[in-house]
Amino acid sequence: THLLFPHQPYFSIIRLRELRKILGYLELYLQQCAEKNLPIVMCGDFNGSPDDATYKLLRQRNFSSSCSDATRWVTHKAHTGDLVCCDYIFVQNPTMRDGPIEERWQD
């Protein structure tokens, strides 16, 4: 996946909406799938850090990052010259799932 880069403060709202849509599609897939205890692996350019609202939302939904929150891997050189980590692999173990991943994703 690829979330919008947060050039403006308002983009954080758009990014959360993008992520909620992705989570909603995953929820729809799980509802339609015969096997309900599937792990979820989600990879992509999330254009954020562990301090970002999208990262925090995934943690609230019991997703784990493939690297710890304290890890500062460099996966991208920003147009400002900063070296940042914005590409992640998130995993959700089905035993950690507390109900739907995202219920109101069509808002």
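Residues numbered from 1 in each chain as written. Predicted model: local features only at pLDDT ≥ 70, side-chain atom pairs only at ≥ 80, totals over all residues. Heavy atoms only, no water.

Undergrad: How do you make sense of the nonpolar core when you look at a structure like this?
TA: Considering soluble globular proteins, one finds that nonpolar side chains tend to be buried as a cluster. The biggest cluster of nonpolar side chains holds 14 residues, and the ones touching the most others in it are Leu23, Phe46, Leu58, Phe63 and Phe90. Listed by contribution, the elements that provide at least two residues to this core are α1 (11–32), β1 (40–45), α2 (53–60) and β5 (87–92). Among residues more than four places away in sequence, those in contact with Phe90 are Ile40, Val41, Met42, Phe46, Tyr55, Leu58, Phe63, Ser64 and Ser65. (Core = buried A, V, L, I, M, F, W, Y, C linked by side-chain atoms within 4.5 Å. Buried < 20%, exposed > 50% of the residue type's maximum accessible area, 1.4 Å probe, protein only. Helix = DSSP H or I, 4+ residues; strand = E, 2+ residues; numbered from the N terminus. Contact = heavy atoms within 4.5 Å.)

Undergrad: Would you take a moment to explain the pattern of salt bridges for this structure?
TA: Using the criterion set out here, one finds one salt bridge in the structure. Residues Asp52 and Arg15 are paired through a salt bridge, measuring 2.7 Å at the closest nitrogen-oxygen approach. Of this pair, Asp52 sits in the loop between β1 and α2 while Arg15 sits in helix α1, placing them 37 residues apart in sequence. Both residues of the pair, Asp52 and Arg15, belong to the buried class. (Salt bridge = Lys/Arg side-chain N within 4 Å of Asp/Glu carboxyl O.)

Undergrad: Teacher, can you tell me more about α1 here?
TA: In an α-helix there are 3.6 residues to a turn, and that puts residues three or four apart on one side. The terminal C-alpha atoms of α1 lie 32 Å apart, and with 22 residues this matches the ideal 32 Å at 1.5 Å per residue to within 8%. Among the structural elements, β1 and α2 are those in contact with the buried residues of α1. (Expected span 1.5 Å × (residues − 1).)

Undergrad: Would you mind showing me how to read the sheet that holds β5 here?
TA: Backbone-to-backbone hydrogen bonds pair the strands of a sheet. The strands run either parallel or antiparallel. Overall, antiparallel pairing links the three strands, which are arranged β1-β5-β2 in an open sheet. The open sheet has two free edges, formed respectively by β1 and β2 (64–65), since each of these has just one partner strand. Across six bridges, β1 lies against β5 in antiparallel orientation. Counterpart to Asp45 in the pairing with β5 is Asp87. (Pairing = 2+ DSSP bridges.)

Undergrad: Is there a simple way to think about the packing of α1 against α2 in this case?
TA: Interaxial distance between α1 and α2 falls to 9 Å at its minimum, and their mutual angle equals 30°. As summarised for this structure, α1 and α2 are arranged roughly parallel, according to the angle between their axes. For α1 against α2, the interelement crossing comes out right-handed. Where α1 abuts α2, its residues Arg15, Leu16, Leu19, Arg20 and Leu23 lie against Ala53, Thr54, Leu57 and Leu58. (Axes fitted to C-alpha atoms, helices over the stretch in contact; angles between N-to-C directions. Parallel < 35°, antiparallel > 145°, perpendicular 65-115°, else oblique. Left-handed = near helix turned anticlockwise from the far one by under 90°.)

Undergrad: Would you explain the packing of aromatic side chains in this entry?
TA: Working definition: an aromatic ring pair is given by the centre-to-centre distance plus the angle between the planes. Overall, the coordinates contain one aromatic pair when judged by the stated rule. With centroids separated by 5.4 Å and ring planes inclined at 65°, the aromatic side chains of Tyr55 and Phe90 adopt a geometry described as edge-to-face. In this pair, Tyr55 sits in helix α2 while Phe90 sits in strand β5, placing the two residues 35 residues apart along the sequence. Neither residue differs from the other here; Tyr55 and Phe90 are each classed as buried. (Phe/Tyr/Trp six-rings, centres within 6.5 Å; stacked < 30°, edge-to-face > 60°.)

Undergrad: What is the right way to read unusual backbone geometry from this model?
TA: Peptide bonds are mostly trans, and most non-glycine residues show a negative phi. Of note in the backbone geometry, Asn62 takes a positive phi value of approximately 65° without being a glycine. With respect to the secondary-structure elements, Asn62 resides in the loop between α2 and β2.

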